[in-house]
Amino acid sequence: MFDTVFTNLHAATMRDSADFGIINNAAIGVTDGKITYIGPDAGIATQDNVIDLDGAWVTPALIDCHTHLVYAGSRADEFERRLQGESYADIAASGGGILSTVRATRAASDDALYEQMTARFTHLFREGVFGIEIKSGYGLDLASEGKMLRAATRLRDELGVPVQRTFLGAHAVPPEFNGNADAYVDYICDIMLPALAAENLIDAVDAFCEKIAFSAQQVEKIFTAAQKLSLPVKLHAEQLSDCGGTETAARFCALSSDHLEYTNETAIKAMAEAQMTAVLLPGAFYYLREKQLPPVDLFRRHGVPMAIATDHNPGTSPILSPLAILNMACTLFRLTPVEAIAGMTRNAAKALGWQKRMGTIDTGMDAHLAVWNISHPRDLCYTLGGRPCRAMITGGLYNPFE
Ligand SMILES: [Zn+2]
């Protein structure tokens, strides 16, 4: 009656935000890659293909809803220089920062980019991730942005990983535009976006709205071009200052606004009305040793769902541990464990528009699950290290880690 039944487990279904949606002594039945039973162990008929999980905990697979996973090179040297007192601005002025990653990414072959990205993904998978958003934004020309998006497409098609491919052409102004951001925005809207969309490489469009990047007016232009192609939008906003990005994003009913340390209550009300998700990124906050906390209480008060992501990138968040990020969300941003885990499951799915297929353990959802050696779901936020992920279930297939 089922393709596979997983028994003798405790499920944190994440359907209920009060108590992780816990079902003790549960079973999960899978048919054609979908969950077709979740409930008490005693309620499921015995059958042949049963996998006994020996009292392990099962959560929805974690979803990393904001990453820059495709790139070449390393910025460990800049990390060291910053610790010796050089500022981020000095390093950028001497050819470092995002543009050093752009040079390395432009020079890398398709296969090298794909292999480096896949190696990074394996670390995330080993800690429970199956479902990821991957941004372009280190190519900044048509050929190189396409190369990045094609690498993300290969992860989806060759390994079957749910991937949202996000075009982030508006990440920085490339050197050939000599600081002329308006001319580069025209190039994004008139050349890159239509060509990459025609090749079916884009699932969503993002931009970096900040004094050191693009203005709200420039973002509006890009979002208008995305809207014409029926592509959903999202925004890096209010990370270092408040430039009005989130209010612009809300006018376009964006999927999410991300970072948000410097956002304000008017913008948060607009997010609630536009049913947006707030994506919080404690890894970048940690690496930059920021002081301004995102207004978590205002998101709670206005009912804006909070998602959490690694923001994996070589400059400001070279983190490949989703569990470390869960801990940072609690220790740095004061989220509760249930909020943090919802932030990497149910609300991360919502941030990608995937809430009907992933993010909770429920009948009809894709059978992507993580199996943990823990005694309660809160343990995932509590401990650093220890490799608690025992196995991943992907599309109903059981992949144990030895
Ligand atoms: Zn980012």
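Some points on the pattern of salt bridges
No. 1: For the structure shown, the criterion picks out 19 salt bridges.
No. 2: One salt bridge in this structure joins Asp141 and Arg106, with 3.5 Å as the shortest N-O distance. One end of the pair, Asp141, is in the loop between strand S6 (129–135) and helix H5 (142–159); the other, Arg106, is in helix H3 (residues 98–107), with 35 residues separating them in the sequence.
No. 3: For Arg106, a relative accessible area of 26% gives the class partly exposed.

A closer look at the pairing of strand S15 (residues 397–400)
No. 1: As paired strands, strand S14 (residues 389–394) and S15 are joined by four bridges and run antiparallel to one another. Within S15, the residue paired with Ala391 across the bridge is Pro400.

Details of the coordination of the zinc ion
No. 1: Only His66 (NE2), His68 (NE2), His236 (NE2) and Asp311 (OD) from the protein coordinate the zinc ion, and they sit 2.1 to 2.6 Å from it.
No. 2: Its four donor atoms give the zinc ion angles of 82 to 168° at the centre, a pattern that matches the irregular case.

What about the sheet that holds strand S1 (residues 4–12)?
No. 1: Strand order in the open sheet formed by seven strands is S3-S2-S1-S4-S13-S14-S15, with mixed pairing between adjacent strands. The open sheet is flanked by strand S3 (34–40) and S15, the only strands paired with a single partner. Put simply, the sheet's adjacent strands are angled 35° from each other on average, direction ignored.
No. 2: Both strand S13 (residues 369–372) and S14 contribute to a ladder of four bridges, which runs antiparallel. For Trp372, the partnering residue across the bridge sits in S14 and is Cys389.

Overview of the side chain of Thr246
No. 1: Within the secondary structure layout, Thr246 lies in helix H8 (residues 245–251).
No. 2: Polar contacts involving the side chain of Thr246 include one to the side chain of Glu238, which spans 2.5 Å.

Examining the nonpolar core
No. 1: Grouped together as the largest cluster of nonpolar side chains are 103 residues, with contacts concentrated most on Phe121, Ile132, Ile134, Phe299 and Trp372.
No. 2: In terms of residues, this core owes the most to one element, helix H6 (residues 181–198), which gives nine residues.
No. 3: Excluding residues that lie within four positions of it along the chain, Ile132 makes contacts with Asp64, Thr67, Leu69, Phe121, Leu124, Leu155, Val161, Pro162, Val163, Gln164 and Trp354.
No. 4: Grouped together as the second largest cluster of nonpolar side chains are 19 residues, Ile23, Val58, Leu369 and Ile393 included.

Topic: the packing of H6 against helix H7 (residues 216–228)
No. 1: It is at 10 Å that the axes of H6 and H7 come closest, and there the two elements cross at 5°. In terms of orientation, H6 and H7 fall into the roughly parallel class. Where H6 approaches H7, its residues Ala181, Asp182, Val185, Asp186, Ile188, Cys189 and Leu193 are matched on the opposing element by Gln218, Lys221, Ile222, Ala225 and Ala226.
No. 2: A breakdown of the residues in the contact of H6 with H7 according to their chemical character gives eight nonpolar, one polar and three charged.

As for the sheet that holds strand S8 (residues 204–209)
No. 1: Taken in spatial order, the eight strands of this open sheet run S5-S6-S7-S8-S9-S10-S11-S12, and their pairing is parallel. A strand with exactly one partner marks an edge of an open sheet, and here the two such strands are strand S5 (62–64) and strand S12 (306–308). Each strand axis lies, on average, 25° off the axis of its neighbour in the sheet, ignoring direction.
No. 2: Inspection of the sheet shows strand S9 (residues 235–237) paired to strand S10 (residues 256–259) by three bridges, in the parallel sense. Note that in S10 the partner of Leu235 across the bridge is Ser257.
No. 3: Its contacts with the sheet put H5 on S6 and strand S7 (163–170), and the angle it makes with S7 is roughly 170°.

Cut-offs applied
Every chain is numbered independently, its residues counted from 1 as its sequence is written. Two thresholds apply to this predicted model, a pLDDT of at least 70 for residue-level local features and 80 or more for giving and counting side-chain atom pairs, whereas whole-chain, interface and lining totals are computed over all residues. Derived side-chain values reflect all non-hydrogen atoms in the structure, with water molecules and hydrogen atoms excluded from consideration. Just to be clear on terms, a salt bridge is a Lys or Arg side-chain nitrogen sitting within 4 Å of an Asp or Glu carboxyl oxygen. Numbering goes from the N terminus for both helices and strands, where a helix is a DSSP run of H or I of at least four residues and a strand is a run of E of at least two. Relative accessible area decides the class of each residue, using a 1.4 Å probe on protein chains only: under 20% of the type maximum gives buried, over 50% gives exposed, and in between gives partly exposed. In short, DSSP must find at least two bridges between two strands for them to pair. Only nitrogen, oxygen and sulfur atoms qualify as donors, provided they sit within 2.8 Å of the metal or within 3.2 Å for Na, K and Ca; with water excluded from the atoms, sites may seem incomplete. Just to be clear on the cut-offs, tetrahedral is four donors with all angles between 85 and 135 degrees, square planar is four donors and octahedral six with opposite donors over 155 degrees apart and all others between 65 and 115, and anything else goes down as irregular. For helices, the axis comes from a line fit to the C-alpha atoms of the stretch in contact; other axes are also lines fit to C-alpha atoms, and the angle between any two N-to-C directions lies between 0 and 180 degrees. Between N or O atoms, a polar contact is any pair within 3.5 Å; within protein, one atom must be a potential hydrogen donor and the other a potential acceptor, and residues adjacent in sequence are included only when both atoms are from side chains. Joining through side-chain atoms within 4.5 Å is the link that ties buried Ala, Val, Leu, Ile, Met, Phe, Trp, Tyr and Cys residues into a set, and such a set is a nonpolar core. Contacts are assigned to residue pairs that have any heavy atoms within 4.5 Å of one another. Note that the term roughly parallel is reserved for angles under 35 degrees, roughly antiparallel for angles over 145, roughly perpendicular for angles of 65 to 115, and oblique for everything else. Each residue is assigned to one of three groups, with Ala, Val, Leu, Ile, Met, Phe, Trp, Tyr, Cys and Pro labelled nonpolar, Asp, Glu, Lys and Arg labelled charged, and all others, Gly among them, labelled polar.

Remember, this is a structural readout, not a statement about activity or role.
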